[in-house]
Amino acid sequence: MAIGYIPGGWQQPDVVPGPEDLVLPRLVPWAQRFETAPVRYAVSRLNEQEEAVVRAWAENPPLPLPWTKAPALVQQDEHQGERSRRKLIRLGQEWRRRENSLGGPR
């Protein structure tokens, strides 16, 4: 184990979420937090139940969590997981078709 020198003025980052970390998720819709346009497009078109299942699938390690298990985390039937997965795929294909017909990504 190596022991090193800590320079003066160095501060340990706070691991407790600050006020902005607690407020921003409430102000910014989940779909708008993604950096890539195809993901934002697909997620923004999910209804409330589908979004809950997709979030449960995406935010609960270990990944890959089976789509049939994600609905149980949000008190929905296991078939909702497969329906949500298929809808995401369909929306992704729709976004790709739209972008190709408009001449590619902007």
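The structure we're discussing is the one just above.
Calculation criteria
- Residues numbered from 1 in each chain as written.
- Predicted model: local features only at pLDDT ≥ 70, side-chain atom pairs only at ≥ 80, totals over all residues.
- Heavy atoms only, no water.
- Patch = residues over 30% accessible without salt bridge, like charges linked within 9 Å, V, L, I, M, F, W, Y side chains within 5 Å.
- Areas by Shrake-Rupley, 256 points an atom, 1.4 Å probe, with all protein chains shown as cover.
- Salt bridge = Lys/Arg side-chain N within 4 Å of Asp/Glu carboxyl O.
- Helix = DSSP H or I, 4+ residues; strand = E, 2+ residues; numbered from the N terminus.
- Phe/Tyr/Trp six-rings, centres within 6.5 Å; stacked < 30°, edge-to-face > 60°.
- Buried < 20%, exposed > 50% of the residue type's maximum accessible area, 1.4 Å probe, protein only.
- Axes fitted to C-alpha atoms, helices over the stretch in contact; angles between N-to-C directions.
- Parallel < 35°, antiparallel > 145°, perpendicular 65-115°, else oblique.
- Contact = heavy atoms within 4.5 Å.
- Left-handed = near helix turned anticlockwise from the far one by under 90°.
- Nonpolar A, V, L, I, M, F, W, Y, C, P; charged D, E, K, R; others polar.

Peer 1: How would you explain a nonpolar patch on the surface if you had to name every residue and give the values?
Peer 2: A grouping of Leu22, Val23, Leu24, Leu27 and Val28 is seen on the molecular surface, where their side chains present a nonpolar patch of about 440 Å² in accessible area. Locating Leu22 in the fold gives a position in helix H1 (residues 19-27).

Peer 1: Which residues make up the packing of aromatic side chains, and what are the values?
Peer 2: The tally for this structure, following the rule as stated, stands at 1 aromatic pair. Seen from their ring centres, Trp57 and Trp67 are 4.4 Å apart, and the 10° between their planes marks the pair as stacked. Of this pair, Trp57 sits in helix H3 (residues 48-59) while Trp67 sits in the loop between H3 and helix H4 (70-73); the two residues are 10 residues apart in sequence, bridging distant segments of the chain. Overall, the relative accessible area of 14% leaves Trp67 in the buried class.

Peer 1: Outline the pattern of salt bridges, listing residues and values.
Peer 2: Applying the stated criterion across every chain, the model contains 5 salt bridges. Residue Arg55 is joined to Glu59 by a salt bridge in which the shortest nitrogen-to-oxygen separation is 3.4 Å. Here Arg55 pairs with Glu59, and both are found in helix H3, just 4 residues apart, close to one helical turn. Look at Arg55 and you get partly exposed, because its relative accessible area is 25%. When its relative accessible area of 44% is taken as the criterion, Glu59 is described as partly exposed. Because the salt bridges share partners, they merge into one network encompassing Glu82, Arg85 and Arg86.

Peer 1: Outline the packing of H3 against helix H5 (residues 79-101), supporting the account with residue identities and numerical values.
Peer 2: The interhelical angle for the contact between H3 and H5, taken along N-to-C directions, is 95°, at an axis separation of 9 Å. Relative to H5, the element H3 lies roughly perpendicular. Together, Glu50, Val53 and Val54 of H3 and Gln80, Gly81, Ser84, Lys87 and Leu88 of H5 make up the contact between the two elements.

Peer 1: An account of the packing of helix H2 (residues 37-44) against H5 is needed here, citing residue identities and associated values.
Peer 2: To describe two helices that pack against each other, one gives the angle between their axes and the distance between the axes. One can describe the packing of H2 onto H5 by two numbers: an axis separation of 9 Å at closest approach and a directional angle of 130°. When the interaxial angle is binned, H2 and H5 end up oblique. By crossing handedness, the relation of H2 to H5 is classed as right-handed. For the pair H2 and H5, the contacting residues are Ala37, Pro38, Tyr41 and Ala42 in the first and Leu88, Leu91, Glu94, Trp95 and Arg98 in the second. Among the residues making up the contact of H2 with H5, the classes are represented as 7 nonpolar, no polar and 2 charged.

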